[in-house]
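Analysis of the macromolecular model
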Amino acid sequence: MLSEVSESISQYSSSNDDHSAVFILVFKTNISTAKDIKTIESVLADLYAVKRWNVDKHDVDKVLRIVANSDITSTIITLIIQAGFQCEELTD
């Protein structure tokens, strides 16, 4: 998983011309259906700091990965929980 994150960082960094900071935020969730993802999409759409995101529905931890331009970990956790899902940060 760490190699995937490193690869994501390098891919994002090379395509980002303004050289702003890049944060890869990784969370364990219970997001598992297309309907769940639509709900999360509406939650994340209004967050300027979120540049890209995805959910690995096949991972046992239903991993939510977010590429952001600032560390908005606590905001993400709060919003995902308020939307009715479990959410906790995954760290190394």
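Owing to the predicted nature of the structure, the values given are computational and were not obtained by experimental measurement.

**Quick notes on the overall build of the chain**
- Across its full length, the chain holds three helices and four strands.
- Taken across its 92 residues, the chain has 32% of its residues classed as buried.
- Of the contacts formed within the chain by residues at least 6 apart in sequence, a portion of 60% connects residues at least 24 apart.
- A total of about 5,800 Å² of accessible surface is found on the chain, and carbon and sulfur atoms cover 49% of it.

**As for the side chain of Thr73**
- For Thr73, the location among the structural elements is in helix α3 (residues 73-82).
- With a relative accessible area of 10%, Thr73 lands in the buried category.
- Leaving out residues up to four positions away in the same chain, Thr73 has contacts with Leu25, Phe27 and Glu89.

**A word on the side chain of Asp36**
- For Asp36, the position within the fold is in helix α2 (residues 34-44).
- The charged side chain of Asp36 is buried without a salt bridge, its nearest counter-charge being Lys35 at 6.8 Å.
- When sequence neighbours within four positions are dropped, the list of residues in contact with Asp36 reads Asn30, Ile31 and Phe85.

**Notes on the confidence of the model for the chain**
- For the chain, per-residue confidence averages 85 on the pLDDT scale, and 79% of positions sit at 70 or higher.
- Counting contacts from residues 1-17, a segment whose pLDDT is below 50, to residues more than four positions away or on other chains yields 13 contacts.

**Points about the environment of Phe27**
- Take Phe27: it is sitting in strand β1 (residues 23-29).
- A residue is classified by how much of its surface remains accessible, and Phe27, at 0% relative accessible area, is buried.
- Distance from Phe27 to Ile66, taken between C-alpha atoms, is 8.6 Å for residues 39 residues apart in sequence.

**Considering α2**
- Taken as a whole, α2 has its buried residues at Asp36, Ile40, Val43 and Leu44. Down the axis, α2 shows its buried residues gathered within 85 degrees of arc, on one side only. Residues of α2 that are exposed and angled more than 90 degrees away from the buried face: Ala34, Lys35 and Lys38.
- Residues of α2 that are buried sit in contact with β2 (50-56), β3 (63-68) and α3.

**Some words on the environment of Asp59**
- Locating Asp59 in the fold gives a position in the loop between β2 and β3.
- Take Asp59: its relative accessible area is 23%, and that puts it in the partly exposed class.
- Between the alpha carbons of Asp59 and Ser32 there is a distance of 9.7 Å; along the sequence they are 27 residues apart.
- One polar contact links the side chain of Asp59 to the main-chain amide nitrogen of Asp61, over a distance of 2.6 Å.

What counts and how
Every chain begins its residue count from 1, and numbering advances along the sequence as written. Given that this is a predicted model, residues contribute local features only at a pLDDT of at least 70 and side-chain atom pairs are listed and counted only at 80 or more, while totals for whole chains, interfaces and linings are drawn from all residues. Only hydrogens and water are set aside; all other atoms, that is, all heavy atoms of the structure, feed into the side-chain values. Put simply, DSSP marks the helices as runs of H or I at least four residues long and the strands as runs of E at least two long, and each gets a number from the N terminus on. For each residue, the accessible area found with a 1.4 Å probe, counting protein chains only, is set against the maximum for its type, and the residue is called buried under 20%, exposed over 50%, and partly exposed in between. Any pair of residues with heavy atoms lying within 4.5 Å of one another is described as a contacting pair. Residue exposure ignores everything except the shown protein chains as possible cover, and the areas themselves are Shrake-Rupley values with a 1.4 Å probe. Counted as positive: Lys and Arg. Counted as negative: Asp and Glu. His and the chain ends are not counted at all. Any carboxyl oxygen of Asp or Glu within 4 Å of a side-chain nitrogen of Lys or Arg constitutes a salt bridge here. Note on scores: pLDDT gives the predictor's confidence for each residue, bounded by 0 and 100. Comment: arc refers to directions from the helix axis out to C-beta atoms. For the purposes of these results, a polar contact is taken to be a pair of N or O atoms within 3.5 Å, where, inside protein, one atom must be able to donate a hydrogen and its partner to accept one; residues adjacent in sequence count only when each atom of the pair is a side-chain atom.

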